[in-house]
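Here are the chains, one letter per residue:
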Amino acid sequence: MKCDSLFVYSTDYLNYKFSDDHPFNHIRVKLTQDLLTEINAFNSEEIIAPRIATDREISLIHDPAYIEAVKKASIGELPSTTAANYGLGTEDTPIFSNMHEASALIVGGTLTAVDAVMTGKSTHALNIGGGLHHGFRGKASGFCIYNDSSIAIEYMKQKYNAKVLYVDTDAHHGDGVQWAFYDDPNVCTLSIHETGRYLFPGTGNLNEKGQGKGYGFSFNVPIDAFTEDESFKEVYEASFRKVIEYFKPDVILTQNGADAHYYDPLTHLSVSMDTYEFIPKLAHELAHEYCNGKWIAVGGGGYDIWRVVPRAWSRIWLEMKGLSVSGSLPKAWLERWQPHSPLELPANWHDEKNLYKPIPRKQEITEKNKLTVERALYQIVN
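The rules we used
Residues numbered from 1 in each chain as written. Predicted model: local features only at pLDDT ≥ 70, side-chain atom pairs only at ≥ 80, totals over all residues. Heavy atoms only, no water. Salt bridge = Lys/Arg side-chain N within 4 Å of Asp/Glu carboxyl O. Buried < 20%, exposed > 50% of the residue type's maximum accessible area, 1.4 Å probe, protein only. Helix = DSSP H or I, 4+ residues; strand = E, 2+ residues; numbered from the N terminus. Pairing = 2+ DSSP bridges. Contact = heavy atoms within 4.5 Å. Axes fitted to C-alpha atoms, helices over the stretch in contact; angles between N-to-C directions. 1 Å grid on protein atoms, 1.4 Å probe; cavity = no way out; pocket = protein on both sides within 12 Å on 5 of 7 lines; lining within 4 Å. Points joined across faces, edges and corners; volume = space filled by probe spheres on them. Nonpolar A, V, L, I, M, F, W, Y, C, P; charged D, E, K, R; others polar.

(A) Local environment of the pattern of salt bridges. Per the stated rule, a full pass over the model turns up 26 salt bridges. Salt-bridge contacts for K17 lead to D20; the nearest nitrogen and oxygen are separated by 2.9 Å. Its relative accessible area of 36% is what places K17 among the partly exposed residues. Given a relative accessible area of 70%, D20 falls into the exposed group. Here D34 makes a salt bridge to R336, at a shortest N to O gap of 3.0 Å. Within this pair, whereas D34 is found in helix α1 (residues 27-38), its partner R336 is found in helix α11 (residues 331-337), the two being separated by 302 residues in sequence. Assessed through its relative accessible area of 15%, D34 is described here as buried. By sharing partners, the salt bridges in this structure join R197, D224, R361, E364 and K368 into a single network.

Structure representation (structure tokens):
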């Protein structure tokens, strides 16, 4: 039986945990699933369990020697000097027990979503546990061990002969995915992110356009710090519409980092829940217009795990299902999680209008972002 949308989920996603005080905490996945459950957004057939990706699948992107290093690190058998060569054991990506298994499950979750959509089992699929876009072929980076999105894209190319459009709205540049397909004309990457002048990973510049046969299929829109809803949505829509018309993909994979929100502690953007309602809405519309609805969505960054991520990621599923919510968050959800949260949970689905003080440079930032979009899309327009 075909479902219009599928939600890939397991409580075992919580095993991807660096430490109690690390900013990356996958309890945000459980918080989101619980919020959606509380408002009866699922039926019994729509939640499916992820599988564990095989070594062969992971090696579609990652070097076998790196996979072996991760396995050894998982059981405490990787020397620290060797670990450093692989980006493991750093402040960003500490080693933890069973790291390989936890990471392989996240990859498998995204592949589960891919197979559901590409075989026609569902039109859309969501794996909010995924979206770890900084992992490289032989190195962990930025909280990411295995790059599930890159693996999923290569998997779709090889198994389904698909042209893939990857759209990344995380505040941090989707570097690992970009570089994995930098010379590939069958994969187009579009990353809208805070400028790397002051933010990790420092890449995603306008001149990163691809190389060789892949030249012209890498798009970056580095927006200014303190960008607000109106400008972010304008940038996103203008670039997404132009790029998808230019590339004409078979399937869309969106990475939905929720760290551009004003509350996020690691970034400097100023969007609200209005933007996180709009992002999946446009992706949904364009998937049906260009790809017969084929849309796979993953999570990503998001470090205000209590006030922002559950509401933002819920919006992806609600859009896939065609459900509309507003007003108050469920009382039972608030009462269940408030004792665990160090911050006061928001009472409503939308943010208050006075979320922050007016930004004096708003007009300047907006105009600068418009110019950045024009420069990013110059090769299409011309």
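(B) Expanded view of the sheet that holds strand β7 (residues 251-255). What the 8 strands build is an open sheet, ordered β2-β1-β3-β8-β7-β4-β5-β6; its pairing is parallel. At either end of the open sheet lies a strand with only one pairing partner, and these are β2 (47-48) and β6 (218-223). Sheet topology note: the strand β3 (residues 122-127)/strand β8 (residues 295-298) ladder contains 4 bridges and is parallel. Looking across to β8, one finds that A125 is bridged to I296. This element, helix α8 (residues 229-247), spans β4 (164-168), β5 (187-194), β6 and β7 of the sheet and lies at about 170 degrees to β5.

(C) Geometry of empty space enclosed by the protein. Enumeration according to the criterion identifies 1 cavity of 30 Å³ or more in this entry. Space inside the largest cavity adds up to approximately 60 Å³. For the largest cavity, the full set of lining residues is T169, N256, G257, Y276, I279, P280, A312, W313 and I316. Taken together, the elements giving at least two residues each to the lining of the largest cavity come down to α9 (273-290) and α10 (309-321). Looking at the lining of the largest cavity residue by residue, the class counts come to 6 nonpolar, 3 polar and no charged.

The analysis is restricted to geometry; functional conclusions fall outside its scope.
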